[in-house]
Each structure stands twice: as structure tokens, then as C-alpha cells.
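Coordinate analysis (summary)
Here is what each chain is made of, one letter per residue.
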Amino acid sequence: MSVLLDIPNDVFYVLFEYFHRAELLSSVTVCTRWLDLIENNSQLLARMDIKRAVYVFNQKGHYGVEFVTQRVCMIPDTPQGIASWLYTTNGLSKRQIAEYLGEKPCKETLNCFMSLQRFNGQHLEDSLRQCLNSVSLPSTTGQMKRILKGFARRYVECNPQYFKEGEYPAGV
């Protein structure tokens, strides 16, 4: 135990970024030292949770969303909160974002996600490229159709002067 007390705090901070709180608490040998450092550093706690959330989301999208909304309560469990988190968080897999948003129960979250995109005055191709920078096309046809329909709906909202009411771009 005395060896652990000689380790500088910055080394502990680096270690904390790669462990989840529950894992740290279960470690008997370093529990008290780490607990003191963790509990007194809210920024470190938040960074640990974000890194863990990104990792979990990139493995399985639904589990990652459940992790940030219910387990660590990082974001509100609303379509707007989830969409904002998916749109703004660095390091999330575009493929997992697409698979999550392409599911039928996530239609409202998909609409909220697309509403964060700004396509005003852009050509269709440029807007589609911009959209695909934040989400890739999923592998299943049904998910792909839902993503493209959400994109088309948002593109029409941003550029109503180009379309009649209820009309969508022919290429999409």
C-alpha cells in the first residue's frame, strides 16, 4: 500500500480516465486513495463517464444511449437530448449513429437529429455530403430508407422554395 501512496496524482488522473467508477470502487488495494481523488474532482468524473459512454455506444448504440440517459444521467431521456448528444459528441461511430437512428422506435429522435442540420440554400448533393459527415448510411434497407427520408424531409424544410407542398427530392 505504501507504494501506491508514492504515485503522483497526475498518474492517478490518467488511470481514472480508463476505468469506470464501479471498477475503481471494487479495487480493494487502492480504493481509499482513488476515492479521495475521484470524489473531489467533478471534471474527472465527467470525463470518465463521457469516455465510457462513447465506448459503450460504439459497441452497441442502444446500450450507449441507455448508459447516458439512465445509468449516469448525463443527458435527458428525450428525443431532443439524445439527438443533441449524438450530434455533438466527438468519437461516436457514424455507423452506430445510423443504426440507432434508423430503428423504427427512434423516428422522433431521427427527426430531432436532422433538425440540427442546416441545409439552407445548399445544393442537394452538398447537403447530403454534410449529412453523411455526421451519420453514415446503415446496412439494412429499411434503416437506410428512414435515414434518407429524414434527410429529405429536413432538406425540404430548409429549402421550401424548391419544392411543392409534400414533395421530396426525386433523387432521395
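As a starting point, this report considers the structure included with it. (Residues numbered from 1 in each chain as written. Predicted model: local features only at pLDDT ≥ 70, side-chain atom pairs only at ≥ 80, totals over all residues. Heavy atoms only, no water.)

1. What about the overall build of the protein?
For the protein, the count of helices and strands is 11 helices and zero strands. Across the protein, helices and strands are ordered from the amino to the carboxyl terminus as α-α-α-α-α-α-α-α-α-α-α. Of all 172 residues assigned to the protein, the portion counted as buried reaches 38%. For the protein, the computed accessible surface area is about 10,200 Å², with 54% contributed by carbon and sulfur atoms. (Helix = DSSP H or I, 4+ residues; strand = E, 2+ residues; numbered from the N terminus. Buried < 20%, exposed > 50% of the residue type's maximum accessible area, 1.4 Å probe, protein only. Areas by Shrake-Rupley, 256 points an atom, 1.4 Å probe, with all protein chains shown as cover.)

2. Structural notes on helix α11 (residues 141–158)
Helical geometry note: an α-helix holds 3.6 residues per turn, so side chains three or four residues apart project in the same direction. With 18 residues, α11 should reach 26 Å at 1.5 Å per residue; the first-to-last C-alpha distance of 26 Å fits that figure. Inspection of α11 places Gln 143, Ile 147, Gly 150, Phe 151, Ala 152, Arg 154, Tyr 155, Val 156 and Cys 158 among the buried residues, and these make up the whole buried set. (Expected span 1.5 Å × (residues − 1).)

3. Some remarks on the packing of helix α9 (residues 107–115) against α11
Packing of α9 against α11 brings their axes to within 9 Å, and their N-to-C directions diverge by 45°. Here α9 is positioned oblique relative to α11, judged by the angle of their axes. For the pair α9 and α11, the crossing hand works out as right-handed. Residues Leu 110, Asn 111, Met 114 and Ser 115 of α9 form the contact with α11, whose own contacting residues are Arg 146, Ile 147, Gly 150, Phe 151, Arg 153 and Arg 154. Looking at side-chain class alone, the contact of α9 with α11 contains four nonpolar, three polar and three charged residues. (Axes fitted to C-alpha atoms, helices over the stretch in contact; angles between N-to-C directions. Parallel < 35°, antiparallel > 145°, perpendicular 65-115°, else oblique. Left-handed = near helix turned anticlockwise from the far one by under 90°. Contact = heavy atoms within 4.5 Å. Nonpolar A, V, L, I, M, F, W, Y, C, P; charged D, E, K, R; others polar.)

4. Some remarks on helix α10 (residues 124–134)
Within the span of α10, buried status applies to Ser 127, Cys 131 and Ser 134. The buried residues of α10 all sit within an arc of 55° when viewed along its axis, so they share a single face. The exposed set on the far side of α10, more than 90 degrees from its buried face, consists of Glu 125, Arg 129 and Asn 133. In this structure, the buried side of α10 is in contact with α7 (79–88), α8 (94–101), α9 and α11. (Arc of directions from axis to C-beta.)

5. What to know about the environment of Leu 101
Positionally, Leu 101 belongs in helix α8. For Leu 101, a relative accessible area of 0% translates into the label buried. For the pair Leu 101 and Pro 138, spaced 37 residues apart in sequence, the C-alpha to C-alpha distance is 9.3 Å. Filtering out sequence-adjacent residues up to four positions away, Leu 101 remains in contact with Leu 86, Cys 106, Thr 109, Leu 110, Phe 113 and Ile 147.

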